[in-house]
Amino acid sequence: MEGTESRSGASSSVVADWSLVFWTLCSVILPVLITLWCSFQRSRRQVLIRDIFRKSKHDWHYTDLFGQPSYCCVCAQHILQGAFCNCCGLRVSEGCLKKADQLFLCKEIMMRGNGGAHSSMPHHWIRGNVPLCSCCMICKQQCGTQPKLCDYRCVWCQYTVHDECMMDCLKTEECTFGEFRDLIIPPYYLSTINQMRKDKRTYYEKVVPYCRKHWMPVIILANTRSGNNMGETLLGEFKILLNPVQVFDLSKIAPAKALQLCTLLPCNAVRVLVCGGDGTVGWVLDAIDEMKIKGQERYIPQVAILPLGTGNDLSNTLGWGAGYAGEVPVEQILRNVMEADGIKLDRWKIQVTNKGYYNLRKPKVFTMNNYFSIGPDALMALNFHAHREKTPSLFSSRIINKAVYFFYGTKDCLVQECKDLNKKVELELDGERIELPNLEGIIVLNIGYWGGGCRLWEGMGDEPYPLARHDDGLLEVVGVHGSFHCAQIQVKLANPVRLGQAHTVRLILKSSKMPMQVDGEPWAQGPCTVTITHKTHALMLYHSGEQTDDEASSMSEQDQVREQTDEDV
């Protein structure tokens, strides 16, 4: 009996051990299997969604969380995540994507029928998800106040109407294109141009929509890789307000190709809004120069700037601000573009000829819009550029970018890699040799701002120097004693070493290798001769908005200089 009991006890313990092993394996393997199954389903669902996005005429984008209360335009259910169209503003749940494609048309960039010079088109109404604080065009009361899919919005004029105010006549009423009618390229205009091209007629000036004299169509060129990565969001917002054919992503299409749209529009009427940093603006201006070479001068547009970069000195000079972080609505940006005044911007040719290789190597040629420099600020830009090339993912914020600049500037204060620059270079202004004091850097300015918002030529503003201008054919040349001196100038604790103004600047680097930069693009340069001459003018747009304290003080200084000049005369 005792042996039987011992054998039964041993077998029961074995069963218990195996049971424990089994349930332990289940507790480990089952979550893994569930995770793998969910991952497979998720990837399969993403493939299906991407396939729908690829075949759809809508510009669908998927989001895990909508920024405001949203309702599916198909099933009318409240949704937290789903897809939205960047062009017409439709919002649908994941399960209703296919049905939405079948039920709703997106914005048509060009009408299917042949439009005439004075054609029109009806409203294109979309139900639900109207903008917050929008008012009904009929009763003038607020729309979208009920927690459900309600009310209508026209995707072209952005007018909204209550469900109860919607009448049959509104569905066929002619759309006026709303507040931004002067900026929008209407679909029937493009269909008319297309028909004229087929008939080999090129008198596009006669086809003016709305019979308006002040039509100034705008083209949006956005660099989604600039600065704080706001370009993607701005692309969608501009496509909602304008014709999607007017909005281009410069990471997918080159400016030269995008600007060919200007040749289909009236001469001297187009305005271009560049969303990016100063480098992006230079890229676009180079493409405009190519248009001049092709004989397309009459189609040259005027250029406005929405600053998304790190420095944005050119944007600051032209009144568009030192940086954009979404604080101004896109609608106000378009109003600013409409109200902006046209001005000219000097563009300069920089030729760098390596010493000792005059007959063997072609000289490097650059185009300058902002400034050229040799010395500590170019060294900071070079170190920043090298660091960004190694780890580009770290440089997604304007604050981080400026912090890295500050780090390299502090490092140079201690190391002083560019000292005794005056012994290594010779400077000529309009052919006249300039005796240089003890310097570490030389900066040649075309615009008023430098170094992320500092008015370098004016310095502290305690001396009656004329303001630097960007359209007078003159360059301002200054020297700095080092990185610490640059920092003092930026906070108005010191003045630069003003070396003079000139139409032509020649700089000879006699020995060693020194950092140089043109508009923030740095490189290390050996012995050479740098010659800066005037190249051309660019047509820009100046925004005379609210002035900063620096601008107000600078304007008052300019007025004082003018008064002194008048008294002398």
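Residues numbered from 1 in each chain as written. Predicted model: local features only at pLDDT ≥ 70, side-chain atom pairs only at ≥ 80, totals over all residues. Heavy atoms only, no water.

Looking at an unreviewed UniProt entry, one finds the chain named Diacylglycerol kinase, with Fregata magnificens as its source organism. According to the UniProt record, the Sequence similarities (unreviewed entry) comment for the chain reads "Belongs to the eukaryotic diacylglycerol kinase family." (UniProt positions renumbered as here; feature names shortened; annotations may be inferred.)

K.L.:
What am I meant to see in the packing of aromatic side chains here?
P.N.:
In this description, an aromatic ring pair is defined by two values, namely the gap between the centres and the angle between the planes. For the structure shown, the criterion picks out 4 aromatic pairs. Considering the side-chain rings of F177 and Y188, the 6.5 Å spacing of their centres and the 65 degrees angle between planes classify their relative orientation as edge-to-face. Of this pair, F177 sits in the loop between α3 (168-172) and α4 (187-198) while Y188 sits in helix α4, placing them 11 residues apart in sequence. As far as the burial class goes, F177 and Y188 line up, both buried. On the basis of an interplanar angle of 20 degrees and a centroid distance of 4.7 Å, the ring pair of F366 and W523 is categorised as stacked. In this pair, F366 sits in strand β14 (residues 364-368) while W523 sits in strand β25 (residues 521-525), placing the two residues 157 residues apart along the sequence. When its relative accessible area of 24% is taken as the criterion, F366 is described as partly exposed. Judged by relative accessible area, which is 12%, W523 ranks as buried. Three or more aromatic residues joined by ring pairs make a cluster, and in this case those are W156, F177 and Y188. Of note, K107 hangs over the ring of W156, and the distance from its end group to the ring centre comes to 4.7 Å. Across from the ring centre of Y449, 4.9 Å away, lies the NZ or CZ of R455, which sits over that ring. (Phe/Tyr/Trp six-rings, centres within 6.5 Å; stacked < 30°, edge-to-face > 60°. Helix = DSSP H or I, 4+ residues; strand = E, 2+ residues; numbered from the N terminus. Buried < 20%, exposed > 50% of the residue type's maximum accessible area, 1.4 Å probe, protein only. Lys NZ or Arg CZ within 6 Å of the ring centre and 35° of its normal.)

K.L.:
It is not clear to me how the packing of helix α5 (residues 231-241) against helix α9 (residues 330-339) should be interpreted in this structure. Could you clarify?
P.N.:
The axes of two packed helices give the description: the angle between them and the distance between them. Direction vectors running N to C along α5 and α9 enclose 70 degrees, while the axes themselves pass 10 Å from each other. The angle between α5 and α9 falls in the class roughly perpendicular. Relative to α9, α5 is oriented so that their crossing is right-handed. Across the interface between the two elements, L234, E237, F238 and L241 from α5 touch V330, E331, I333 and L334 from α9. Considering only residue class, the contact of α5 with α9 consists of 6 nonpolar, no polar and 2 charged. (Axes fitted to C-alpha atoms, helices over the stretch in contact; angles between N-to-C directions. Parallel < 35°, antiparallel > 145°, perpendicular 65-115°, else oblique. Left-handed = near helix turned anticlockwise from the far one by under 90°. Contact = heavy atoms within 4.5 Å. Nonpolar A, V, L, I, M, F, W, Y, C, P; charged D, E, K, R; others polar.)

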